[in-house]
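Close look at the chain arrangement
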Amino acid sequence: MYQMWEERKTGKMLQKVISAFSYSGGTGKSTLTKELACLYAANGDRFQTPAVCLVDATPDGGSQHILFRLSPRFSICDLLEELADRSAYYSEFELIQQYDWPMLEKYLSYDPIQRIYILPSLWTWPNEIYDQAKIDCLIQILRKFFDVILLDTGNAIYPVTRMCAQCSSVSLMIVTDDKSCLLRTTKGYREHPELFDPKVTIPVLNRYPIKSKKRFFLQDEIADFLHLEDLMILPEMPGVWMLNNTQDSLVGQGKKSKLYAALRNLSDRIEHMQAP
């Protein structure tokens, strides 16, 4: 039986619900979310090793199960559909209370190497899945068992991205220095500015996609484009892309990895933003 969070939490640990979104594809958002999950699973928050759940909330079919080389039987859609069926007979409070670990575990895939539970997204979500109450209920159920919940939410054009952001204590807006990606990001940012709340959102400049001869923007240019004053910068790490279809992680290399130090700083920013 998996121990419930209320039974094993310490007074020093803050439970985290972190969503990552972008306004364009190709920003490395899913890879970054994977590596951040690996960081939390390996190191915790300096007080204890947390239980980590990575939720693939990408409604057009996710990639997290591919990144971890897993073959799931169930997806987030199956769990949301079960919640919808049960909601006809139970209130949201009763639903949350009745979900025990065996009921939840069958929908999760576990990576024993990284010690991360993954709730995958395997296919395009049907329209009836888009419901704030279902997403809220799902997150509350996960909070019963996990210290850190990371939501890989996809593009900002999807309603579920905004739903997940409302359930999160901190959001990460992922941008990159590739010209075409940045232009799409700027367009999306202007069309959906409501997703960026400076009180709970950290803009992250992900600089790994060095795979073409396109012109890349400088940090100051990106800040001017998006009118952002405080970009969190990640190092150029093309090696991360080489690990996408493996169960390895650059974070797993420890302090000798530049990405480890950068994501450690990002986790400190998240912790500071959550502090009361």
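The rules behind the values
Here, residues in each chain are numbered from 1, in the same order as that chain's written sequence. This being a predicted model, a pLDDT of at least 70 is required before a residue's local features are given, and a value of 80 or more before pairs of side-chain atoms are given or counted; all residues contribute to the totals for chains, interfaces and linings. Side-chain numbers here rest on the full set of heavy atoms in the structure, without hydrogens or water. Counting from the N terminus, the helices are the DSSP runs of H or I reaching at least four residues and the strands are the DSSP runs of E reaching at least two. Partly exposed residues are those whose accessible area sits between 20% and 50% of the maximum for their type, while under 20% is buried and over 50% is exposed, using a 1.4 Å probe and protein chains only. Note on definitions: a residue-residue contact is assigned when non-hydrogen atoms from the two residues lie within 4.5 Å. As used in this structure description, the phrase polar contact means that two N or O atoms lie within 3.5 Å; if the pair is within protein, one of them must be able to donate a hydrogen and the other to accept it, and residues adjacent in sequence are counted only when both atoms belong to side chains. For each structure, a 1 Å grid was placed over the protein atoms alone; sets of points admitting a 1.4 Å probe that cannot get out are labelled cavities, open sets with protein on both sides within 12 Å along at least five of seven lines are labelled pockets, and lining residues have an atom within 4 Å of a point. Grid points are joined across faces, edges and corners, and a volume is the space filled by probe spheres set on the points. Under this grouping Gly is polar, as are all residues other than the nonpolar Ala, Val, Leu, Ile, Met, Phe, Trp, Tyr, Cys and Pro and the charged Asp, Glu, Lys and Arg. In this analysis, strands are considered paired if DSSP registers two or more bridges between them. The axes are straight lines fitted to the C-alpha atoms, using for helices just the contacting stretch, and the angles between their N-to-C directions are given from 0 to 180°. Throughout, the term roughly parallel applies to angles under 35 degrees, roughly antiparallel to angles over 145, roughly perpendicular to angles from 65 to 115, and oblique to all others. Here the nonpolar core consists of buried residues drawn from Ala, Val, Leu, Ile, Met, Phe, Trp, Tyr and Cys, with membership extended through side-chain atoms lying within 4.5 Å. Note: crossing handedness is left-handed where the near helix turns anticlockwise from the far helix by less than a right angle, and right-handed where it turns clockwise. The criterion for an aromatic pair is that two Phe, Tyr or Trp rings (for Trp, the six-membered ring) have centres within 6.5 Å, with stacked assigned to planes under 30 degrees apart, edge-to-face to planes over 60 apart and tilted to the rest. Ring-over charges, as used throughout, are those where CZ of Arg or NZ of Lys falls within 6 Å of the ring centre and within 35 degrees of the ring normal.

1. Topic: the overall build of the chain
- Per the secondary structure count, the chain includes twelve helices and eight strands.
- By the burial criterion, 56% of the 276 residues in the chain qualify as buried.
- Residue pairs at least 24 apart in sequence account for 82% of intrachain contacts in the chain once pairs closer than 6 positions are excluded.

2. Overview of the side chain of aspartate 147
- With respect to the helices and strands, aspartate 147 occurs in the loop between helix 7 (132-143) and strand 5 (148-155).
- Of note is the side chain of aspartate 147, whose polar atom sits 2.7 Å from the backbone nitrogen of alanine 51.

3. Structural notes on unusual backbone geometry
- Positive phi outside glycine occurs at arginine 69, with the angle close to 55°.
- Among the structural elements, arginine 69 can be located in the loop between helix 3 (64-67) and helix 4 (76-86).

4. Some points on the layout of surface pockets
- Taken as a whole, the largest pocket holds about 320 Å³ of empty space.
- Around the largest pocket sit 22 residues that line it, and Gly25, Gly26, Lys29, Ser30 and Thr58 are the ones nearest its centre.
- Here the residues of the lining of the largest pocket sort into four nonpolar, 15 polar and three charged.

5. Looking at the pairing of strand 4 (residues 116-119)
- On strand 4, burial covers both faces: Ile116 and Ile118 on one face and Tyr117 and Leu119 on the other are all buried.
- Across three bridges, the pairing between strand 2 (residues 52-56) and strand 4 is parallel. Pairing of cysteine 53 across the sheet is with tyrosine 117, part of strand 4.
- In this structure, the hairpin formed by strand 3 (residues 109-111) and strand 4 is closed by a connection of four residues, where arginine 115 is found at a positive phi of approximately 60°.

6. Topic: the environment of tyrosine 260
- Residue position: tyrosine 260 is located in helix 12 (residues 258-274).
- Counting along the chain gives 224 residues from tyrosine 260 to leucine 36, while the straight-line C-alpha distance between them is 9.0 Å.

7. Observations regarding the packing of helix 4 against helix 7
- Where helix 4 contacts helix 7, the two axes come as close as 10 Å, and the packing angle between them is 105°. In terms of their interaxial angle, helix 4 and helix 7 are classed as roughly perpendicular. Across from Ile76, Leu79, Leu80, Leu83 and Ala84 in helix 4, the residues of helix 7 making contact are Lys134, Ile135, Cys137, Leu138 and Ile141.

8. Things to note about the nonpolar core
- Counting 36 residues, the largest nonpolar core has Val55, Leu104, Trp125, Ile135, Leu142 and Phe146 as the members making the most contacts within it.
- It is helix 7 that contributes the most residues to this core, six residues altogether.
- Residues contacting leucine 104, with those up to four places away along its chain left out, are Leu79, Tyr99, Ile141, Leu142, Phe145 and Phe146.
- If you look at the next biggest cluster of nonpolar residues, it comprises 30 residues, including Val52, Ile118, Leu172 and Ile202.

9. Remarks on helix 4
- Residues of helix 4 that are buried: Ile76, Cys77, Leu79, Leu80, Glu82 and Leu83.
- Those residues of helix 4 hidden inside the fold are in contact with strand 2, helix 5 (92-98), helix 6 (101-105), strand 4 and helix 7.
- Taking the backbone nitrogen of cysteine 77 as reference, a side-chain oxygen 3.1 Å away marks serine 75 as the first, capping residue of helix 4.

10. Overview of the packing of helix 7 against helix 8 (residues 159-167)
- Interhelical geometry of helix 7 versus helix 8 gives an angle of 45° and a closest axis separation of 10 Å. Taken together, helix 7 and helix 8 sit at an angle that is classed as oblique. Handedness of the crossing formed by helix 7 with helix 8: right-handed. Here helix 7 contributes Gln132, Ile135, Asp136 and Ile139 to the contact with helix 8, which in turn contributes Val160, Met163, Cys164, Gln166 and Cys167.
- The class makeup of the residues in the contact of helix 7 with helix 8 is six nonpolar, two polar and one charged.

11. A look at the packing of aromatic side chains
- This model, assessed by the stated rule, comprises seven aromatic pairs.
- Centroid distance phenylalanine 21 to tyrosine 23: 5.7 Å. Interplanar angle 85°. Geometry classified as edge-to-face.
- We classify tyrosine 23 as buried; its relative accessible area is 5%.
- Ring plane angle 85° and centroid distance 5.2 Å describe the contact between tryptophan 101 and tyrosine 117, whose orientation is recorded as edge-to-face. Residue tryptophan 101 is found in helix 6, and its partner tyrosine 117 is found in strand 4; the two are separated by 16 residues along the sequence. Neither residue differs from the other here; tryptophan 101 and tyrosine 117 are each classed as buried.
- Ring pairing ties together the aromatic residues Trp101, Tyr110, Tyr117, Phe145 and Phe146, which thus form one cluster.
- Its end group placed over the ring of phenylalanine 68, lysine 34 keeps NZ or CZ at 5.8 Å from the ring centre.
- Across from the ring centre of phenylalanine 74, 5.8 Å away, lies the NZ or CZ of lysine 106, which sits over that ring.

Everything listed here is a matter of coordinates, which is why it stays silent on function.
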